[in-house]
Amino acid sequence: MTKVGEGGPMAIAAMAMRAQQARMRIIAENIANSQTTATTPGGDPYRRQMPIFAPMKLEDGSTSVKMSGVEPDPKAFKSEYAPGHPAADPSGYVKLPNVDSLVEALDFKAAQRAYEANLNVIDNSHAMEKSTLDLLNKR
C-alpha cells in the first residue's frame, strides 16, 4: 500500500485536505472577528485575512497544494456613524472590519466541499487497493 509520505493519490489528497483545514481555520477567524472594531479612537478594525496557496512537490515527484501563508485583504474598511462608540474618529465615524459574512460562508462551503472531495479520493484509493489485494490473494 502507498503511504502518505510516499506520494500517490492518497498523499496528494491528504496534503490538499490539510490546506483546506487551514483555509477553514482562517475563515473561522474572519467570522469570529467580523464585528471587531479598533480599541482606540480612529484606529483600524480587524482586517480580513486571505489564505495563500502554493504547489508542493511530493517525494514521488507528484504535485499537491499547501497553504503557504496568509495575507491581509486590501479591501477598504466600511464605516458607520456612531459618535458615542469608543473607536469613533473626531467626525463620529467608526471603521468596521472588511469582513463580509456571506463571502466567508460561501468560502467555507467551498473549502468544505474540497475537503470532502479529497476525502473521497482517499476512500476510493483505499478501496481500490483493498480490491486489488483481495484479487491477488485469490490466486
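The structure contained in this document is the topic of the report that follows. (Residues numbered from 1 in each chain as written. Predicted model: local features only at pLDDT ≥ 70, side-chain atom pairs only at ≥ 80, totals over all residues. Heavy atoms only, no water.)

Some words on the pairing of strand 2 (residues 63-72)
Note: strand 1 (residues 49-57) against strand 2, nine bridges, orientation antiparallel. From the neighbouring strand, Lys-57 faces strand 2, where its bridge partner is Thr-63. (Pairing = 2+ DSSP bridges. Helix = DSSP H or I, 4+ residues; strand = E, 2+ residues; numbered from the N terminus.)

Thoughts on the pattern of salt bridges
If you walk through the whole model with that rule in mind, you get five salt bridges. Across the pair Asp-44 and Lys-95 runs a salt bridge whose closest N-O atoms are separated by 2.7 Å. A residue pair is termed long-range when its members are at least 10 positions apart, and Asp-44 in the loop between helix 1 (8-32) and strand 1 and Lys-95 in strand 4 (residues 93-96) qualify at 51 residues. Salt-bridge contacts for Asp-134 lead to Lys-130; the nearest nitrogen and oxygen are separated by 3.4 Å. On the criterion of helical spacing, the pair formed by Asp-134 and Lys-130 is a turn pair, its members being four residues apart in helix 2 (residues 101-137). With a relative accessible area of 35%, Asp-134 lands in the partly exposed category. (Salt bridge = Lys/Arg side-chain N within 4 Å of Asp/Glu carboxyl O. Buried < 20%, exposed > 50% of the residue type's maximum accessible area, 1.4 Å probe, protein only.)

Quick notes on the packing of aromatic side chains
In this description, a pair of aromatic rings is defined by centroid distance and the angle of the planes. Per the counting criterion, the structure on display carries one aromatic pair. Judged by centre distance (5.2 Å) and plane angle (65°), the rings of Tyr-81 and Tyr-93 are edge-to-face. Here Tyr-81 is found in strand 3 (residues 78-81), whereas its partner Tyr-93 is found in strand 4, with 12 residues between them in sequence. The class for Tyr-81 is exposed, based on a relative accessible area of 53%. (Phe/Tyr/Trp six-rings, centres within 6.5 Å; stacked < 30°, edge-to-face > 60°.)

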